[in-house]
Amino acid sequence: TQIVREMSKVCEVTGKKVMFGNNVSFSINKTKRRFDANISKKRFYIPEEDRWVTLNVSARGLKIINKKGISAVLKEIKEEHR
């Protein structure tokens, strides 16, 4: 049997993750629910290193990568984890 792990719901660029809140019905009954971040797995090519990198990225993270470039964003991520 193979273990299937669900993709982490955390953006590796922005750090966005799952939030919790309430479903509120018409009669104002409250039940717990999850607000998932808009995250997808995406591959990026790094020409300087001639390799591909796979990241879990939110929609906002993708916009940041489009603006700054993948190399600059990866450098920022490495500096954060030190």
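Caption draft 1: Structural detail: the nonpolar core. One finds Val13, Phe44, Leu55, Val57, Ile65, Ile70 and Leu74 to be the most contacted residues of the largest nonpolar core, which totals 14 residues. Those elements that provide at least two residues to this core are β3 (39-46), β4 (51-58) and α2 (70-80). The residues contacting Val57, other than those within four sequence positions of it, are Cys11, Val13, Asn38, Ile39, Ser40, Phe44, Leu62 and Ile65.

Caption draft 2: A look at the packing of aromatic side chains. This model, assessed by the stated rule, comprises 1 aromatic pair. Here Arg33 stacks its cationic end above the ring of Phe35, 3.8 Å away from the centre of that ring. The ring of Trp52 carries the charged tip of Arg43 above its face, separated from the ring centre by 4.4 Å.

Caption draft 3: Main features of the pattern of salt bridges. Considering all chains together, one arrives at 3 salt bridges under this definition. Glu49 is paired through a salt bridge with Arg51; the nearest N and O atoms lie 2.5 Å apart. You can call Arg51 partly exposed: its relative accessible area is 39%. Note that Lys68 and Glu76 form a salt bridge whose closest N and O atoms lie 3.1 Å from each other. Taking the relative accessible area as the measure of exposure, Glu76 reaches 34% and is therefore partly exposed.

Caption draft 4: Examining the confidence of the model for the protein chain more closely. Looking at the protein chain as a whole, the pLDDT averages 91, with 91% of positions reaching at least 70. The secondary structure element of the protein chain with the lowest average pLDDT is α2, at 92, and the one with the highest is helix α1 (residues 59-68), at 97.

Caption draft 5: Fine view of α2. Restricting attention to buried positions, one finds in α2 the residues Ile70, Val73, Leu74 and Ile77. Taken around the axis of α2, the buried residues stretch over an arc of 100 degrees, which confines them to a single face. Opposite the packed face of α2, turned more than 90 degrees from it, sit the exposed residues Lys75 and Glu79. Elements that come into contact with the buried residues of α2 comprise β3, β4 and α1.

Parameters at a glance
Residues numbered from 1 in each chain as written. Predicted model: local features only at pLDDT ≥ 70, side-chain atom pairs only at ≥ 80, totals over all residues. Heavy atoms only, no water. Core = buried A, V, L, I, M, F, W, Y, C linked by side-chain atoms within 4.5 Å. Buried < 20%, exposed > 50% of the residue type's maximum accessible area, 1.4 Å probe, protein only. Helix = DSSP H or I, 4+ residues; strand = E, 2+ residues; numbered from the N terminus. Contact = heavy atoms within 4.5 Å. Phe/Tyr/Trp six-rings, centres within 6.5 Å; stacked < 30°, edge-to-face > 60°. Lys NZ or Arg CZ within 6 Å of the ring centre and 35° of its normal. Salt bridge = Lys/Arg side-chain N within 4 Å of Asp/Glu carboxyl O. pLDDT = per-residue confidence, 0-100. Arc of directions from axis to C-beta.

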